[in-house]
Amino acid sequence: MTAPSSAEAPWPVRTVARKVADWIGRLGEVWVEGQVAQLSRRGGAATVFLTLRDPAADMSVPVTCHRDVADRPGLELTEGARVIVRARPDYYVARGSFSLRATEIRAVGLGELLARIELIRQLLAAEGLFDAVRKRPLPFAPAVVGVITGRDSAAERDVLVTARRRWPAVRFAMHNCAVQGPTAAASVIEGLRRLDADPAVEVIVVARGGGSVEDLLPFSDEGLVRAIAACRTPVVTAVGHETDTTLVDHVADVRAATPTDAAHRVVPEIGEQRRLVEGLRARARHVLTGRLDQQVRWLESVRTRPVLASPDRLLHGREDDVLALRTRARRTLAHRVEAAERDLEHARARVTALSPAATLERGYAVVQRADGTLVRDPAEVADAERLQVRVAGGRFPVRVDRTTDREDENP
Amino acid sequence: MSTPDAAEPTTTYEQAREELADVVRRLEAGGLTLEESLGLWERGEELAQLCQHWLDRARERLAAAAPPDGAGQD
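Just so it is clear, the structure is predicted and the values come from calculations on it, not from any experiment.

Digging into the overall build of chain A
A count of helices and strands for chain A gives 14 helices and 13 strands. Classification of the 411 residues of chain A by burial places 22% in the buried group. A separation threshold of at least 6 residues defines the contact pool for chain A, and within that pool the share at least 24 residues apart is 61%.

This is the structure in structure tokens:
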């Protein structure tokens, strides 16, 4: 900040001039109506000076403008004319002079023209020509872009350079035409017909740089508006500055703010598209890899489940079963054999107890006749009969001798 | 590695997987004869190999389609 000025520390002129210029420069653009009091064109100078006077009060303001603004066709700028000026307050520091820097001067009377355009607009709007449903989507990456512009215009260059930079493979079908003056509308219509008839052209750009309202009048021509509405090919308009609205802007499928903006809307940016594709590709890959990994893990978990991983476990229980049954069978059989053995032992003991062998052992004998019958009475045997005697040690033959009977009875 | 392409299985991965899950479930549930258990286990092995085959193949195809690093510089 500059220190406050005082008698002891005054500001230099340049400081004051700059401060005033800064302050004035911050004032915005204004539309001002007045009367041309003075007009001075100095030979070939690029700047025209005029004084604008308030018709109802004794006040005036200096106005400067470029020669092109003052000499625009259709504008009859003379002293005494009523004009509407679009201007920005300006302070010329070299001279300390204030002026309005005009960018546009309209003769009053143009208002009527604009009122007529407004009437056409309402009519076409009522017909539905501007309806949102009529707007066609633009092709994504058109092979051929139709371009209607003035020859070698800044608009043409902006469209071509920007579009090529964004999408190098883009091709153009050019139609150069008059973009102002009485032939402009017809010229643009002819371009539309020609490009619309070309099947290779996928989108048409109508571009024109900024200009005065009069310059842009052809772009509010009813015939041109209807020609755009009749196009089968989508149409993008970029006419004038963003603040200017012409009727073609209403009927166009897309209204671009500037020719550069039109190029942006018509072709995609190749790097961006490439990144988009790369991004999608990476995502697809990621998803696929993820799914695959998940399945691999699942399979791994199934394969390590005991029932699959160690099938010998299937046999474990069953082997034990077999072993147990076998042991039971063996034990059962052994018991049966032991029981049978015990039974046999008892039977044998009983047989032994009942057998005559024990009696024979005590010294008794059994006598049998030849036919095997037991001798129980001495009268049964005859003299000299042969008999068998059985004792514990075995058997032996004997012969009966009756002659000794008496001796035996009477010893 | 995968089995030879000549013996390209007709069972899809999903079919094999579903059947494998079923086999394991039945094996784990028990109550089968030994012969049934063995048969199921053998089928399970076969299915697991089939699944492995499909997954290996998928990996190979994914690897084959892999862009070289820093792709898109054309």
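Details of the overall build of chain B
From N to C terminus, chain B includes 2 helices and 0 strands. Looking at chain B as a whole, 19% of its 74 residues are labelled buried. For chain B, contacts bridging at least 24 residues in sequence account for 67% of all contacts bridging at least 6.

Considering the interface of chain A and chain B
Taken residue by residue, the interface counts 16 residues in chain A and 17 residues in chain B. When residues of the side of chain A that touches chain B are traced back to their parent elements, those giving at least two are helix 10 (270-303), helix 11 (306-309) and helix 12 (313-354) of chain A. Among the elements that make up the side of chain A that touches chain B, the one with the highest residue count is helix 10 of chain A (10 residues). Taken together, the residues that form the side of chain A that touches chain B break down as 9 nonpolar, 2 polar and 5 charged.

Let's talk about the confidence of the model for chain B
Residues and elements named next belong to chain B. Looking at chain B as a whole, the pLDDT averages 78, with 77% of positions reaching at least 70. Confidence over residues 1-6 falls short of pLDDT 50; this stretch has 5 contacts with residues more than four positions distant or in other chains. Throughout residues 70-74 the model reports pLDDT below 50, and contacts reaching past four residues in sequence, or to other chains, amount to 2 contacts. Model confidence for the complex is summarised by a pTM of 0.46, with the ipTM given as 0.71.

Some details on the packing of helix 10 of chain A against helix 2 (residues 34-64) of chain B
Across the interface, helix 10 of chain A lies against helix 2 of chain B with an axial gap of 10 Å and an inter-helix angle of 155°. When the interaxial angle is binned, helix 10 of chain A and helix 2 of chain B end up roughly antiparallel. Like other packed secondary-structure pairs, helix 10 of chain A and helix 2 of chain B cross with a definite hand, here left-handed. Judged by residue contacts, A:Leu288, A:Thr289, A:Leu292, A:Gln295, A:Val296, A:Leu299, A:Val302 and A:Arg303 of helix 10 of chain A engage B:Ala48, B:Cys51, B:Gln52, B:Leu55, B:Ala58, B:Arg59 and B:Leu62 from helix 2 of chain B. Residue classes in the contact of helix 10 of chain A with helix 2 of chain B are distributed as 10 nonpolar, 3 polar and 2 charged.

Thoughts on helix 5 (residues 184-197) of chain A
Counted at 1.5 Å a residue, the expected span for helix 5 of chain A with its 14 residues is 20 Å, and the 20 Å between its end C-alpha atoms agrees. Packing partners of the buried residues in helix 5 of chain A comprise strand 6 (144-149), strand 7 (171-176), strand 8 (201-208) and helix 7 (222-230) of chain A.

Concerning the sheet that holds strand 1 (residues 30-41) of chain A
Residues and elements named next belong to chain A. The 5 strands are arranged 1-2-3-5-4 in a closed barrel whose pairing can be described as mixed. Mean inter-strand twist for the sheet, computed between neighbouring axes without regard to direction, equals 55°. For strand 1 and strand 4 (residues 82-92), the ladder comprises 6 bridges, and the chain directions are antiparallel. By the bridge assignment for strand 4, Trp31 is matched with Arg86.

Observations concerning the sheet that holds strand 13 (residues 394-399) of chain A
All names here are of chain A. A sheet is described by the order of its strands in space; here 3 strands give the open sequence 11-12-13, paired in antiparallel fashion. Only two strands of the sheet have a single partner each, and these edge strands are strand 11 (366-368) and strand 13. Taking each pair of neighbouring strands and ignoring which way they run, the sheet shows an average axis angle of 30°. Inspection of the sheet shows strand 12 (residues 386-391) paired to strand 13 by 6 bridges, in the antiparallel sense. Along strand 13, the bridge assignment pairs Val391 with Gly394.

A short note on the pairing of strand 7 of chain A
In this sheet, strand 7 of chain A lies alongside strand 6 of chain A in parallel orientation, the contact comprising 6 bridges. Counterpart to A:Val145 in the pairing with strand 7 of chain A is A:Phe172.

As for the nonpolar core
Ranked by size, the top nonpolar core spans 44 residues in total, and within it A:Val205, A:Val236 and A:Val248 carry the most contacts. If we ignore the near neighbours within four places in the chain, the residues touching A:Val248 are A:Val206, A:Phe219, A:Leu224, A:Val225, A:Ile228, A:Thr237 and A:Val239. Counting residues in each nonpolar core, the second largest holds 15 residues, with A:Val307, A:Leu308, B:Val24 and B:Leu40 among its members.

Notes on the environment of A:Val108
All names here are of chain A. Looking at the secondary structure, you find Val108 in the loop between strand 5 (97-107) and helix 3 (110-127). Val108 sits 26 residues away from Arg82 along the chain, and the two C-alpha atoms are 5.9 Å apart. Each residue touching Val108, except ones within four places of it in the same chain, is listed here: Arg82, Val83 and Ile84.

Some points on unusual backbone geometry
Apart from glycine, the bulk of residues carry a negative phi angle, and the bulk of peptide bonds sit in the trans form. All names here are of chain A. Phi angles above zero are rare outside glycine, and Asp152 is one such case at about 55°. Tracing the chain through its elements places Asp152 in the loop between strand 6 and helix 4 (154-166). In this structure, Ala384 is a non-glycine residue whose phi angle is positive, near 65°. Of note, Ala384 is situated in the loop between strand 11 and strand 12.

Description of helix 1 (residues 13-29) of chain B
An ideal rise of 1.5 Å per residue puts 24 Å on 17 residues; helix 1 of chain B measures up with 24 Å between its terminal C-alpha atoms. Listing the buried residues of helix 1 of chain B in full gives B:Ala16, B:Arg17, B:Leu20, B:Val23, B:Val24 and B:Leu27. The arc that holds the buried residues of helix 1 of chain B, viewed along the axis, is 125°, so those residues lie on one side. Facing away from the buried surface of helix 1 of chain B by more than 90 degrees, the exposed residues are B:Glu14, B:Arg25 and B:Ala29. Looking at the buried side of helix 1 of chain B, the elements it contacts are helix 10 and helix 11 of chain A together with helix 2 of chain B. Once helix 1 of chain B finishes, B:Gly30 follows within two positions and takes phi at roughly 75°, a positive value.

Conventions adopted
- Residues numbered from 1 in each chain as written.
- Chains lettered and ligands numbered in written order.
- Predicted model: local features only at pLDDT ≥ 70, side-chain atom pairs only at ≥ 80, totals over all residues.
- Helix = DSSP H or I, 4+ residues; strand = E, 2+ residues; numbered from the N terminus.
- Buried ≥ 20, exposed ≤ 12 C-beta atoms within 10 Å, placed from the backbone.
- Contact = placed C-beta atoms within 7 Å.
- Nonpolar A, V, L, I, M, F, W, Y, C, P; charged D, E, K, R; others polar.
- pLDDT = per-residue confidence, 0-100.
- Axes fitted to C-alpha atoms, helices over the stretch in contact; angles between N-to-C directions.
- Parallel < 35°, antiparallel > 145°, perpendicular 65-115°, else oblique.
- Left-handed = near helix turned anticlockwise from the far one by under 90°.
- Expected span 1.5 Å × (residues − 1).
- Pairing = 2+ DSSP bridges.
- Core = buried A, V, L, I, M, F, W, Y, C linked by C-beta atoms within 7 Å.
- Arc of directions from axis to C-beta.

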